[in-house]
Amino acid sequence: MTKLVEKVFPEIGETLYTAVLENGLKVFLIPKTDFQESCGMLVVNFGSLDNKFTLDKSEKCYEKGIAHFLEHKLFELEDGQDVSELFTNAGANSNAFTTFDKTCFYFSTVDHLNENLDLLQHFVADTAFTDESIEREKSIIGQEIDMYQDDADYRLYQGILENLYPKTALAQDIAGTQESIANISVANLKENHDVFYSPQEMTLLVVGNFDKDDIFKQIQESQKGKNKTAHHLERQELAYESVVPKASVQMEVTQPKLAIGLRGSALSEGESTLRQELALRLFFAMILGWTSRRYQELYESGQIDDSFDFEIEVYQNFQFLIISLDTSVPIAMATNLRQYLSKVAMSSDLEDLSEEHFEIVKKELYGDFFKSLDSIDNLSAQFINHLADEETYLSVPKLLKTLSFEEVLKRGNDFLIQSDATEFTILPK
């Protein structure tokens, strides 16, 4: 009988229970008895990057957007009923999303955790779609793709990714293109479901007000009979083509939008994505965050406004930084920011890169972490981002404590020196 393993985090007052069931399903339980609400998340290791892979020594290639398409279709049961309605009838809010590396189905509820947890585990296990329903879905997803392409902020984000990772799935909308989804078939969807929707490729996270032993027993009961033939699956390595230096498009916007992207290298095998992400967040908060001298100078002079932001994404096979803002002078701002980043890379002897400033931004990151613990939705969403790491999201305070100023400087400067840069601009028509 599989048993739960307890890991206590006394510094934050949290306890995590983990297990790997006999069928391969990974289970994480975070009881929070002072909350009324509970959340269940089922994460599948199947994202937009997984349209090409090797299965039992046989190479497979599917259309872009197939993971997202499958996410949509699993909500339709054999009798045509929408699973979302079943969650609603059971007193829960439910939804799903697909990212680069995962598909996630989730619900939140106050009074009916057991019923909804069973539903969450069961509805993804079967495929009930037909050729007719697939054709209907193509029209719906096609409209979704068009809608996102009309969103200037989304188009800015996608455009900079196209520059950073040309000729890869990262350069495409997670939902695919009109052309790619038109070629998706029932057979394609069932083949991918058979490979990826197996317990070995899935993780179940439950956060909220529950008894850990009762919930774990229920999960084990729900998983009885859910065994699939284990496949030897090899995911395709991400191809690193030369970045596109610059690109622009015209849209119906009142002011130009600028994005600057920096593409880092893949992490070393076994290297913690969470530690790297925290280090880069600290580093770039020091040089670009609202407490930095550079930010204050630009803001007070009116060169930037509240649209200025930066985003850091760290995965095992890729990492990138995106700086985005609205600006009436995109060329000048791009030059300004890129010259500043080059200056930082050449010399760490800058006023913003001080131990005193380091402690300020570290406290801010601590604050963001503890704030996330007060929201079950936020905690769950953050937790699933680093499932492959040895240290989970609950280890953030411990990692922050061990991240020294010198290590953060080194990781930040290494990223700047080794990264490839690009620009993408949206101009008014």
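Here the structure is a predicted model, which means the values were calculated and not measured. (Residues numbered from 1 in each chain as written. Predicted model: local features only at pLDDT ≥ 70, side-chain atom pairs only at ≥ 80, totals over all residues. Heavy atoms only, no water.)

In the numbering used here, UniProt assigns the "domain: Peptidase M16 N-terminal" (unreviewed entry) feature to residues 58-177. Here residues 58-177 runs as 48% helix and 15% strand, with 26 Å between its end C-alpha atoms. (UniProt positions renumbered as here; feature names shortened; annotations may be inferred. Helix = DSSP H or I, 4+ residues; strand = E, 2+ residues; numbered from the N terminus.)

Each full turn of the α-helix corresponds to 3.6 residues, which orients residues three or four apart in the same direction. Relative to the 22 Å expected for 16 residues at 1.5 Å per residue, helix H9 (residues 273-288) spans 21 Å between its end C-alpha atoms, a close match to the ideal helical length. The element H9 is extensively covered by neighbouring structure, given that 15 of its 16 residues are classed as buried. (Expected span 1.5 Å × (residues − 1). Buried < 20%, exposed > 50% of the residue type's maximum accessible area, 1.4 Å probe, protein only.)

The next subject is the sheet that holds strand S8 (residues 103-109). One open sheet accounts for seven strands, arranged S1-S2-S3-S9-S4-S8-S7; its pairing is mixed. Edge strands, defined here as strands with exactly one partner in the open sheet, are strand S1 (5-9) and strand S7 (92-98). Averaged over all adjacent pairs, the angle separating strand axes in this sheet is 15 degrees, with direction ignored. For S1 and strand S2 (residues 14-20), the ladder comprises five bridges, and the chain directions are antiparallel. Residue pairing for S2: Phe9 is matched across the bridge by Glu14. (Pairing = 2+ DSSP bridges. Axes fitted to C-alpha atoms, helices over the stretch in contact; angles between N-to-C directions.)

The next thing to look at is the nonpolar core. If you look at soluble globular proteins, the nonpolar side chains tend to sit buried side by side. Formed by 66 residues in total, the largest nonpolar core has its most connected members in Phe283, Phe284, Ile287, Leu288, Ile323 and Leu394. Top element by residues in this core is H9. It accounts for 11 residues. Taken domain by domain, the makeup of this core includes at least three residues from each of domain 1 (5-235) and domain 2 (246-428). With residues near it in sequence (within four places) discarded, Ile287 still touches Ser292, Arg294, Tyr340, Leu341, Val344 and Leu353. (Core = buried A, V, L, I, M, F, W, Y, C linked by side-chain atoms within 4.5 Å. Domains from an automatic or database assignment. Contact = heavy atoms within 4.5 Å.)

To continue, consider the pairing of strand S9 (residues 202-208). Burial analysis of S9 places seven of its seven residues in the buried class, the great majority of the element. Here S9 shows two buried faces, one formed by Met202, Leu204, Val206 and Gly208 and the other by Thr203, Leu205 and Val207. Examined bridge by bridge, strand S4 (residues 38-44) and S9 share seven bridges and lie antiparallel to one another. When the bridges of S9 are listed, Leu42 appears paired with Leu204.

Counted by the stated rule, this structure contains 26 salt bridges. Among the ionic pairs, Lys138 bridges to Glu135, the shortest N-O distance being 3.0 Å. Residue Lys138 and its partner Glu135 are both found in helix H4 (residues 131-149); the two are separated by three residues, about one turn of the helix. Judged by relative accessible area, Lys138 falls into the buried class, the value being 12%. For Glu135, a relative accessible area of 47% puts it in the partly exposed group. For the salt bridge of Glu162 with Arg155, the shortest nitrogen-to-oxygen distance reads 3.6 Å. According to the relative accessible area criterion, Glu162 is partly exposed, its value standing at 27%. On the accessibility criterion, Arg155 (14% relative accessible area) is buried. (Salt bridge = Lys/Arg side-chain N within 4 Å of Asp/Glu carboxyl O.)

What follows is about the domain arrangement of the protein. Quoted interface sizes are often the accessible area lost when the parts come together. Partitioning the protein into structural domains gives domain 1 (5-235) and domain 2 (246-428). Between the C-alpha centres of domain 1 and domain 2 the distance comes to 28 Å. Taken residue by residue, the interface counts 41 residues in domain 1 and 44 residues in domain 2. Of the roughly 3300 Å² buried between domain 1 and domain 2 on both sides combined, carbon and sulfur atoms contribute 76%. (Buried area = accessible area lost by both parts, 1.4 Å probe.)

In total, this model carries zero disulfides according to the counting rule given. No disulfide involves Cys39; its sulfur sits 7.9 Å from that of Cys104, the nearest cysteine. (Disulfide = S-S within 2.5 Å.)

This part covers helix H15 (residues 405-418). For H15, built from 14 residues, the straight-helix expectation of 20 Å at 1.5 Å per residue is met to within 8% by its first-to-last C-alpha distance of 20 Å. All of the buried residues along H15 are Phe405, Val408, Leu409, Arg411, Gly412, Asn413, Phe415 and Leu416. Looking at the buried positions of H15, the neighbouring elements they touch are strand S12 (257-263), H9, strand S14 (319-326), helix H11 (330-346) and helix H12 (355-372).

Next up on the list: the pairing of strand S3 (residues 26-31). For S2 and S3, the ladder comprises four bridges, and the chain directions are antiparallel. The residue of S3 that forms the bridge with Val20 is Lys26. Hairpin geometry of S2 and S3 is characterised by an intervening segment of five residues between the two adjacent antiparallel strands and by a positive phi of about 100 degrees at Gly24. When S3 meets S9, the two strands line up parallel, connected through six bridges. By the bridge assignment, Leu29 is partnered in S9 with Val206.

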